[in-house]
Amino acid sequence: MPPKSLIAVGGENLIDSIQDQSGSAPDGYFHNLGGSPYNVAVALARQGITTHYITPISSDAFGDRLAAHLQDQGVVTSGPRLAAPTTQAIVTLEQGVPKYQFLRDGTAERMVTTEILQSAFPAAATHFHIGSLALADGSDAAVWEKAFIDAARLGICTSLDPNVRASLITDPVSYRKRISRLLTNSSIVKLSDEDLDWLYPGLDYLNAITKLREQTTAKLVVLTKGPEGAEAWTPQHYLSLANPQFSGLVDTIGAGDTFMGTLLAGLANNDQLTSNALDQITSDNLASLIKRAIYAACLNCTKEGCDPPFAERLEQALLEERL
């Protein structure tokens, strides 16, 4: 029997070279596996969702680590291995908040073509997720945009997380137009309050979120607000939830990706990753989905780098909160 949800994930894979504040790393950095969509794929697989990662991965030593980790988590690496270097993100921490510098020119994850994605995309996919650096600029961004819009037109459920990295966007006007086109082909949109500010410059929060909801076809829009929790909208419902009280914050790397993966996993487990099912989300259902995603993101923040919780750990945290 085929899985009830098969999620294809596209977008960058990279090495996060994170500034060592303890003095124990030989070169001053810890080299962690990362990339927003890569992290989403891991979060999905750790929660039992059949997941294919369709982006090319380098055949260098870093690429070997990236591919092996996905496979260890149960992710199918359907994208090719290419003889180009791995993208690297130099991450410095300011009071636990990451600041990024990307080394991305000529790297394997950018060598996407329509033919590569058509070959890598699973025929049985029921959902397609993309976001982040893959959409920043260049010919690869155009390829990802086409793949996303083609999938939407075929009736595949879609999700978008812009995860804006302003330092990599050379043409803000063109980038915002690309995001606008993707918004009109999205079933689910998740973004941060920082993303919202950047995408709609000059607008206050209320006008920006109103404009976004007017632009998108998404049946579910979620805004994450860091330490202030999250808000969510469907055509019928609105929800605002605060973060729980968690101790032991290490850093916030991958929190948004963990939230995104957990949201999709929750919808998949509820058989709600279709346009018709998204229309049927109730207020209680919405609250459960967002609470679960918030808890997963908070658990991730108690670890160094992106380390999404497995389903059992997440369920344990939610059970402890109810007791």
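Summary of the structure given here. Predicted model only: the values in this text are computed from it and were never measured.

This next bit is on the pairing of strand 15 (residues 238-241). When strand 14 (residues 230-233) meets strand 15, the two strands line up antiparallel, connected through four bridges. Counted as the bridge partner of Trp233 is Tyr238 from strand 15. Between strand 14 and the antiparallel strand that follows it, strand 15, lie four residues.

One can describe the packing of helix 8 (residues 255-269) onto helix 10 (residues 283-300) by two numbers: an axis separation of 8 Å at closest approach and a directional angle of 145°. At the point where helix 8 passes helix 10, the crossing takes the right-handed sense. Between helix 8 and helix 10, the residues in contact are Ala255, Thr258, Phe259, Thr262, Leu263, Ala265, Gly266 and Leu267 and Leu289, Ile290, Arg292, Ala293, Ile294, Ala296, Ala297 and Asn300, respectively. A class-by-class count of the residues in the contact of helix 8 with helix 10 yields 11 nonpolar, four polar and one charged.

For the rest of this paragraph, the subject is empty space enclosed by the protein. All told, the structure shown has one cavity of 30 Å³ or more when counted by the stated rule. Roughly 40 Å³ of internal volume is contained in the largest cavity. What lines the largest cavity is Ser132, Leu133, Ala136, Asn163, Val164, Arg165, Leu168, Ile169 and Tyr175. A class-by-class count of the residues in the lining of the largest cavity yields six nonpolar, two polar and one charged.

So, about the packing of helix 1 (residues 36-46) against helix 2 (residues 61-73). Between helix 1 and helix 2, whose axes approach to 9 Å, the crossing angle comes to 25°. Between helix 1 and helix 2, the interaxial angle falls into the category roughly parallel. Crossing geometry of helix 1 relative to helix 2 is assigned as left-handed. Contacts from Tyr38, Ala41, Val42, Ala45 and Arg46 in helix 1 reach Arg65, Leu66, His69, Leu70 and Gln73 in helix 2. Classifying every residue of the contact of helix 1 with helix 2 by side-chain character gives six nonpolar, two polar and two charged.

Calculation criteria
- Residues numbered from 1 in each chain as written.
- Predicted model: local features only at pLDDT ≥ 70, side-chain atom pairs only at ≥ 80, totals over all residues.
- Heavy atoms only, no water.
- Pairing = 2+ DSSP bridges.
- Helix = DSSP H or I, 4+ residues; strand = E, 2+ residues; numbered from the N terminus.
- Axes fitted to C-alpha atoms, helices over the stretch in contact; angles between N-to-C directions.
- Left-handed = near helix turned anticlockwise from the far one by under 90°.
- Contact = heavy atoms within 4.5 Å.
- Nonpolar A, V, L, I, M, F, W, Y, C, P; charged D, E, K, R; others polar.
- 1 Å grid on protein atoms, 1.4 Å probe; cavity = no way out; pocket = protein on both sides within 12 Å on 5 of 7 lines; lining within 4 Å.
- Points joined across faces, edges and corners; volume = space filled by probe spheres on them.
- Parallel < 35°, antiparallel > 145°, perpendicular 65-115°, else oblique.

Everything listed here is a matter of coordinates, which is why it stays silent on function.
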